[in-house]
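Below, each chain spelled out in residue letters.
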Amino acid sequence: MDSSYKYMLIGAFATGAVDAGLDAYKTINPAVAGNVIYTVVNPALPALNCWIADAGVPLALYALGKVTKKKMLIDMAKGGAVYGVSELLGQTVYRVALVAQGQTPSYRIAR
Amino acid sequence: MKLNIFKMIDPAMQKMLLGGLVGSLSYYADLVLAEQAFYPAELKARLAPQLPRNDELLTSIAPPAIMYMLAKKKPKLKEMAKGTMLYSGPHLMQRIVVNAVTPVATAGFRMNGSRAMPVQVFSQTPTNGRIYPPATPAPSTVISASTGKYR
């Protein structure tokens, strides 16, 4: 495994860990569902916590890599972006499909 | 002026993104199929309460495995296989973590981390009468007006 791909995997897992952490926190404390970070602007779009994890973490890593001029962080941001973009697009397609059928995506995704 | 973001990304990254989308769309397509009546019940079952459903495990493990097998025959698919792995690996971890903290999986554990009393304790049949002594009524503090000094 080349070092670039290794850092991409680390970045993807870091993004996934933030995503898992935010989802798990809501599962443990259902009372925080009304918190601003779990806001659903439109039922056909992912919740704000998904945007924070899947878009925010890769962007933060990229910005940090540019500021510190470290290629390692840029590679991590690329890995996080592959995970984040795929997750956001996949979830949007899924939510749009459910909304088009008149179902509530938040219930199905929380299963 | 045309703004094509996809063309701004280098070709290797483009293939990785496509690979990630293969993993993502196969996972979410399965979720949509799982709502249909013909979907087999075995795939909806779980090996353990802490684990995601069998179909979720399958759609997280199979795409990168298949892509890596295809990449051995067609080296052009190697980058796509890497991209599928970049999505499916962390996503499987995410699903396992979220499932592991669901109330069903954590039954018997309290929120503060201490172990709650197992459910079996309450369902045991007592062998020697009662487990707990019968509740005795609190002594009455009302003094009858018909007795004592102040009648």
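Counting from 1, residues in each chain are numbered in the order their sequence is written. Key to labels: chains lettered from A, ligands numbered from 1, both in the order written. It should be noted that, the model being predicted, local features are given only for residues of pLDDT at least 70 and side-chain atom pairs only at 80 or more, the latter also being counted only at that level, while totals for whole chains, interfaces and linings use all residues.

Engineer: Help me understand the overall build of chain B in this model?
Structural biologist: Only DSSP runs of H or I reaching four residues or more are called helices, and only runs of E reaching two or more are called strands; each is numbered from the N terminus. A count of helical and extended segments in chain B gives six helices and zero strands. Element order for chain B, N to C, with α for helix and β for strand: α-α-α-α-α-α. The contacts of chain B with a sequence gap of at least 6 include a subset with a gap of at least 24, amounting to 60%. By definition, residue pairs are in contact when their C-beta atoms, positioned from the backbone, come within 7 Å.

Engineer: Just to check I follow, could you spell out the interface of chain A and chain B for this structure?
Structural biologist: Many descriptions give the size of an interface as the accessible area lost when the pieces come together. Taken residue by residue, the interface counts 26 residues in chain A and 25 residues in chain B. Of all the secondary-structure elements, those providing two or more residues to the side of chain A that touches chain B are helix H1 (3-28) and helix H3 (71-100) of chain A. Considering only residue class, the side of chain A that touches chain B consists of 15 nonpolar, seven polar and four charged. Amino acid classes used here: Ala, Val, Leu, Ile, Met, Phe, Trp, Tyr, Cys and Pro are nonpolar; Asp, Glu, Lys and Arg are charged; the rest, including Gly, are polar.

Engineer: Explain the nonpolar core to me, please; I cannot follow it from the model alone.
Structural biologist: Nonpolar side chains in soluble globular proteins tend to be buried together. By convention the nonpolar core is taken to be a set of buried residues drawn from Ala, Val, Leu, Ile, Met, Phe, Trp, Tyr and Cys and joined through C-beta atoms within 7 Å. Whether a residue is buried, exposed or partly exposed follows from its count of other C-beta atoms within 10 Å of its own C-beta, namely 20 or more, 12 or fewer, or something in between, respectively; the C-beta atoms are built from the backbone. Counting residues in hydrophobic clusters, the biggest one holds 29 residues, and the most contacted among them are Met8(A), Ala12(A), Met76(A), Val82(A) and Leu86(B). Only H1, helix H2 (48-68) and H3 of chain A together with helix H2 (11-34) and helix H5 (78-100) of chain B provide two or more residues apiece to this core. Here this core takes eight residues from H1(A), the largest share from any one element. Apart from residues lying up to four places away in sequence, Val82(A) is in contact with Ala12(A), Met16(B), Leu17(B), Gly20(B), Gly83(B), Leu86(B) and Tyr87(B). If you look at the next biggest cluster of nonpolar residues, it comprises five residues, including Tyr94(A), Leu98(A), Tyr27(B) and Tyr28(B).

Just geometry here; none of it tells us what the structure is for.
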